[in-house]
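Coordinate inspection notes
If you want the building blocks of each chain, they are given just below.
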Amino acid sequence: MSASTPTTNAPAQVLRPDRKRNRLGYNILALVTAGLMAFPVYWLIVSSLRPNHEIRSYDQTLWPSSLTFDNFARAVKQDNFATAIQSSLIVSVTAVLGGMIIATLAALAIGRFRFFGRKALMMVMILVQMLPPTAMLIPIYLQLNALGGIDEYWGLIVVYLVSTLPFATIMIRGFVINIPVELEESAMVDGCTRMGAFRRVIFPLLAPGLAAASIFALVNAWNEYLFAYILINDNSKYTLNVWLMTFTTERGTDYGALMAASTLISIPVVIFFMIIQGKMATGLTSGAVKG
Amino acid sequence: MTAADTKAAGPPVPVPRVPEKTGISPSGQEADGPRPKKRRKKGELLPYLLILPAILAIAAVYVYPLIKTVIMSFQDLGRAALWGNGETPWVGFEQFTNILGDPEFWAVVGRTVVFMTICVVLTMGIGLLIALMMLKVSTWVRLVLTVALIAAWSMPLMVAASVFRWLSDSDYGLINTLLADITGNEDRWLGHNWFLDPWQGFGIITLLVVWGAIPFVVITMYAALTQVPKELEEAASLDGATAYGVYRYVTWPVIKPVFTMVATLSVIWDFNVFGQIWLLRGNKPEPEYETLGLYSFSKAFESTSFSQGSAIALITVLMLSGVAVYYLRQLIKTGEVE
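Predicted model only: the values in this text are computed from it and were never measured.

Here we come to the overall build of chain A. Scanning chain A for helices and strands turns up 12 helices and 2 strands. Written out in order from the N terminus, the α and β elements of chain A read α-α-α-α-α-α-α-α-α-α-α-β-β-α. Expressed as a percentage of the 291 residues in chain A, the buried residues total 54%. Taking all contacts inside chain A whose residues are at least 6 apart in sequence as the whole, residues at least 24 apart take part in 69%.

Moving on to the overall build of chain B. Looking only at helices and strands, chain B has 15 helices and 0 strands in total. Within chain B, buried positions represent 51% of all 338 residues. Accessible surface computed for chain B: about 15,500 Å², of which carbon and sulfur atoms make up 64%.

This brings us to the pattern of salt bridges. Residue and element names in this part refer to chain B. Tallied over the full model, the rule gives 4 salt bridges over all chains. Its salt-bridge partner being Glu233, residue Lys230 comes within 3.6 Å of it at the nearest N-O pair. Linking Lys230 with Glu233, this pair stays in helix α11 (residues 230-238), spanning 3 residues, or about one helical turn. Its relative accessible area of 29% is what places Lys230 among the partly exposed residues. Residue Glu233 is classed as buried on the basis of its relative accessible area of 17%.

Turning our attention to empty space enclosed by the protein. All told, the structure shown has 4 cavities of 30 Å³ or more when counted by the stated rule. Of the pockets and cavities examined, the largest cavity occupies roughly 1,400 Å³. Considering the residues around the largest cavity, the lining is formed by 49 residues, among which Pro133(A), Asn220(A), Glu224(A), Leu157(B) and Trp269(B) are closest to the centre. The element contributing the most residues to the lining of the largest cavity is helix α9 (residues 194-223) of chain A, with 7 residues. Residue composition of the lining of the largest cavity, grouped by class: 36 nonpolar, 11 polar and 2 charged.

Among the secondary structure elements, Val317(B) is positioned in helix α15 (residues 306-333). For Val317(B), a relative accessible area of 14% corresponds to the buried category. Considering only alpha carbons, one finds Val317(B) and Leu49(B), 268 residues apart in sequence, at a separation of 31 Å. Contacts of Val317(B), omitting those with residues within four sequence positions, involve Leu131(A), Pro132(A) and Ala135(A).

Geometry of an aromatic ring pair is reported as the spacing of the ring centres plus the angle between the planes. Inspection of every chain in the model, using the stated rule, returns 30 aromatic pairs over all chains. For the pair Phe39(A) and Tyr42(A), a centre-to-centre distance of 5.8 Å together with 40° between the ring planes defines the contact as tilted. Linking Phe39(A) with Tyr42(A), this pair stays in helix α1 (residues 17-49), spanning 3 residues, or about one helical turn. Ring centres 6.3 Å apart and planes at 10° place the aromatic pair Tyr141(A) and Phe306(B) in the stacked group.

The rules behind each value
- Residues numbered from 1 in each chain as written.
- Chains lettered and ligands numbered in written order.
- Predicted model: local features only at pLDDT ≥ 70, side-chain atom pairs only at ≥ 80, totals over all residues.
- Heavy atoms only, no water.
- Helix = DSSP H or I, 4+ residues; strand = E, 2+ residues; numbered from the N terminus.
- Buried < 20%, exposed > 50% of the residue type's maximum accessible area, 1.4 Å probe, protein only.
- Contact = heavy atoms within 4.5 Å.
- Areas by Shrake-Rupley, 256 points an atom, 1.4 Å probe, with all protein chains shown as cover.
- Salt bridge = Lys/Arg side-chain N within 4 Å of Asp/Glu carboxyl O.
- 1 Å grid on protein atoms, 1.4 Å probe; cavity = no way out; pocket = protein on both sides within 12 Å on 5 of 7 lines; lining within 4 Å.
- Points joined across faces, edges and corners; volume = space filled by probe spheres on them.
- Nonpolar A, V, L, I, M, F, W, Y, C, P; charged D, E, K, R; others polar.
- Phe/Tyr/Trp six-rings, centres within 6.5 Å; stacked < 30°, edge-to-face > 60°.

So this is what it looks like as structure tokens:
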């Protein structure tokens, strides 16, 4: 989102020398910050590629002496790796898709119409976000247990879907109200049906908002641990995060394999972030231009 | 719910253009006479159809369980009752009086509040400073910083927790090696267990929580900061305002609603930190590492007293409701909920 903001680009040549020196200071500070923020990520990747004798060394070094894929091999061979990927994919993707559809509908209603109960709905949405997951855990567990939803994907899907719903709705609503009603109306004057106007005019303008909201939903679902841990007891249905625990046994933790497995789990999220980030930048900057 | 409402509960249906004739007049205002086109009659039922799926979903996963939580906290639901043998006895306020009279509970509350406060202050402070810094740096540096933030942000919680557990490992952790190298005191730091002393242990946990929360804060605050009109800032500095003055009177009012929103969310999130502590303590947090969420969890699932767990969860909700009300009031004031 940074590259697309023109604010600091253009006036560079008119800066007075002292401001230039200032900028150098900020640049250095920012690079140090970037280094600190990225360090755990670097350490994750480096540790996953390190030979095991360096992992289990009392003298850790910042740079590995050699690189190996042994840790990855051990991680992939760990029981239930494939099924854990499958579980995470099924649960996250279904929850995000469902959540986005429901949230978009609700956001359109809240953003476009004034109706009785609209305010109350928004307040409920905001309030349920405040509920701690641990507060919901016990009754949800008991209820799913009664409905036979323990060890079933659908139980987890429903929980993830709803837990991202309020934030997604409020976020998408922000994009909805930024789209002038006149656009929609003129499309309808030009002969579009309401659905047509939505599909051709609203939806494309809403896409950055949907992208941004889906990041949150996906990251939430992919990263969620507590409910996955409680609601799924069947080893073959563990999601990836719960599966990570299997690297820690009574005899200790296989850090090399754990780091390799963790790297593998992060890759999809990183890729998704990278794809969506440009769209998010468009959304944020277009909002900025409009003021 | 009318019959027409429930029909739409499934997949989204194409919305009819024909004005719906229903008895419902949602706002109570009859569209008498030719009101301006903004209030269209066909809009009367449509918004309810649109929000119905969301309402059903929220009711199923939040409202109903919340009611159950309240009910359970007035009962004594142990393992036996859970598996269906025997009635669940009503115990009135017994769960609450037991919990509130337990010094351990108050220790947990204190720990949770202190931990949350430190995490929120650090996250918001550092996050805002980084966001402000991002306005001042060259484009390529901002890109580098953004990439670093997104890399940190995209790290799943459990993965991040694993990395920090590895970094703080007593035998093979980098933190100990670095501290030994820097201080030259190998005996002190090599093999140092950070989690023997809860203060040190929570230091590592705080590091993890703050590190994980900063990217969201920075990216949101930076987006808010780019909304501040440049002309206003320039006009203010031309009029002789100091950098701080510009920030205080021009920048801050614009970003304040976003700041409040993010800070409130941070309070909620940090009050309920679970996974980070859980994994850093190897899935078996010691009592001195229990925050309210973990405490409620261990009461419910380890002591199998679901009612105790529910009552603790309910007390947590009541505590957070103050924050929630404040947040709502802020939103209403700024016109977010209009």
